[in-house]
Amino acid sequence: MPTPASRLFAPIALAAWLACSPAHAATLDQVDALLHAGHLNQADHAVAQVLAAQPDSARAHYLDARLLAAEGKWPLAEDELQRARRLDPTLGFAPAPQVQALAHEVIQHRWKNPSGFAGYGQAALAGLFLLVSGYLVFGMLRGRRRPPPKA
């Protein structure tokens, strides 16, 4: 059974090894260990190495989705999860409850993400612009039809 000190030391040693030896590519298990330990910066570096070496790996994209979700980058996490599902629809390499929890969390944050509603604000402003422009154009045309005032 791992001791608390070994649980803390192992990801730090792994991160140091990854940082010091760029010739050695990170593995999926190393990325998973870093994610599990909560070392997001090191996991980000490691997953970038893995994706560069294995761009068609469903597991790599799934781990990237987990990382992006942990960082709060929900739209990107959703994209990576969809990419992983396109490559392997079953995602059989990950525990089903973990996959379901991630998918549920991504869907929940899709509706909470303020950038998701930015399109509605832009559409409202565009509509307001059209209304004001139409009112001004109508007023100008209406003013031209009037006969000049008699003095």
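The structure reproduced in this document is the subject of the present report. Going along each chain's sequence as written, the residues are numbered from 1 onward. A pLDDT threshold of at least 70 governs which residues receive local features in this predicted model, and a stricter bar of 80 or more applies before side-chain atom pairs are shown or counted, although totals over entire chains, interfaces and linings include all residues. Calculated side-chain values reflect all of the structure's heavy atoms, with hydrogen atoms and water omitted.

A look at the packing of aromatic side chains
When two rings of Phe, Tyr or Trp (its six-membered ring) have centres within 6.5 Å they constitute a pair, described as stacked for plane angles under 30 degrees, edge-to-face for angles over 60, and tilted for the intermediate range. Enumeration according to the criterion identifies 1 aromatic pair in this entry. Ring plane angle 65° and centroid distance 5.7 Å describe the contact between Y62 and F93, whose orientation is recorded as edge-to-face. Here F93 lies in the loop between helix 5 (74–87) and helix 6 (96–112) and Y62 lies in helix 4 (residues 58–70), a separation of 31 residues in the sequence. Relative accessibility thresholds used throughout: buried, under 20% of the residue-type maximum; exposed, over 50%; partly exposed, between the two (1.4 Å probe, protein chains only). In this structure F93 comes out as partly exposed when scored by relative accessible area, which is 32%. Here a strand is any run of E in DSSP of at least two residues, a helix any run of H or I of at least four, and the numbering for each starts at the N terminus.

Re the nonpolar core
We define a nonpolar core as any set of buried Ala, Val, Leu, Ile, Met, Phe, Trp, Tyr and Cys residues linked to one another through side-chain atoms lying within 4.5 Å. Formed by 14 residues in total, the largest nonpolar core has its most connected members in Y62, L81, L91 and L102. Going through the elements one at a time, helix 4, helix 5 and helix 6 are the ones with two or more residues in this core. Residues contacting Y62, with those up to four places away along its chain left out, are L81, A84, L91, F93, A94, Q98, V99 and L102. Counting 13 residues, the second largest nonpolar core, distinct from the first, contains L28, V31, V50 and L63. Only heavy atoms enter the contact rule, under which two residues are in contact if any of them lie within 4.5 Å.

Section: the packing of helix 2 (residues 28–37) against helix 4
Only the stretch in contact is used when a helix axis is fitted, and all axes are lines through C-alpha atoms; the angle between N-to-C directions ranges over 0 to 180 degrees. The geometry of helix 2 relative to helix 4 is characterised by a closest axis approach of 10 Å and an angle of 15° between their N-to-C directions. Of the possible angle classes, the one that applies to helix 2 and helix 4 is roughly parallel. Regarding helix 2 and helix 4, the two cross each other, and that crossing is left-handed. For the pair helix 2 and helix 4, contact is made by L28, D29, V31, D32, L35 and H36 and by R59, A60, L63, R66 and L67, respectively. Residue composition of the contact of helix 2 with helix 4, by class: 6 nonpolar, 1 polar and 4 charged. Any angle from 65 to 115 degrees is called roughly perpendicular, while one under 35 is roughly parallel, one over 145 is roughly antiparallel, and all others are oblique. Left-handed describes a crossing in which the near helix is turned anticlockwise from the far one by less than a right angle; the clockwise case is right-handed. Each residue is assigned to one class: nonpolar for Ala, Val, Leu, Ile, Met, Phe, Trp, Tyr, Cys and Pro, charged for Asp, Glu, Lys and Arg, and polar for all the others, Gly among them.

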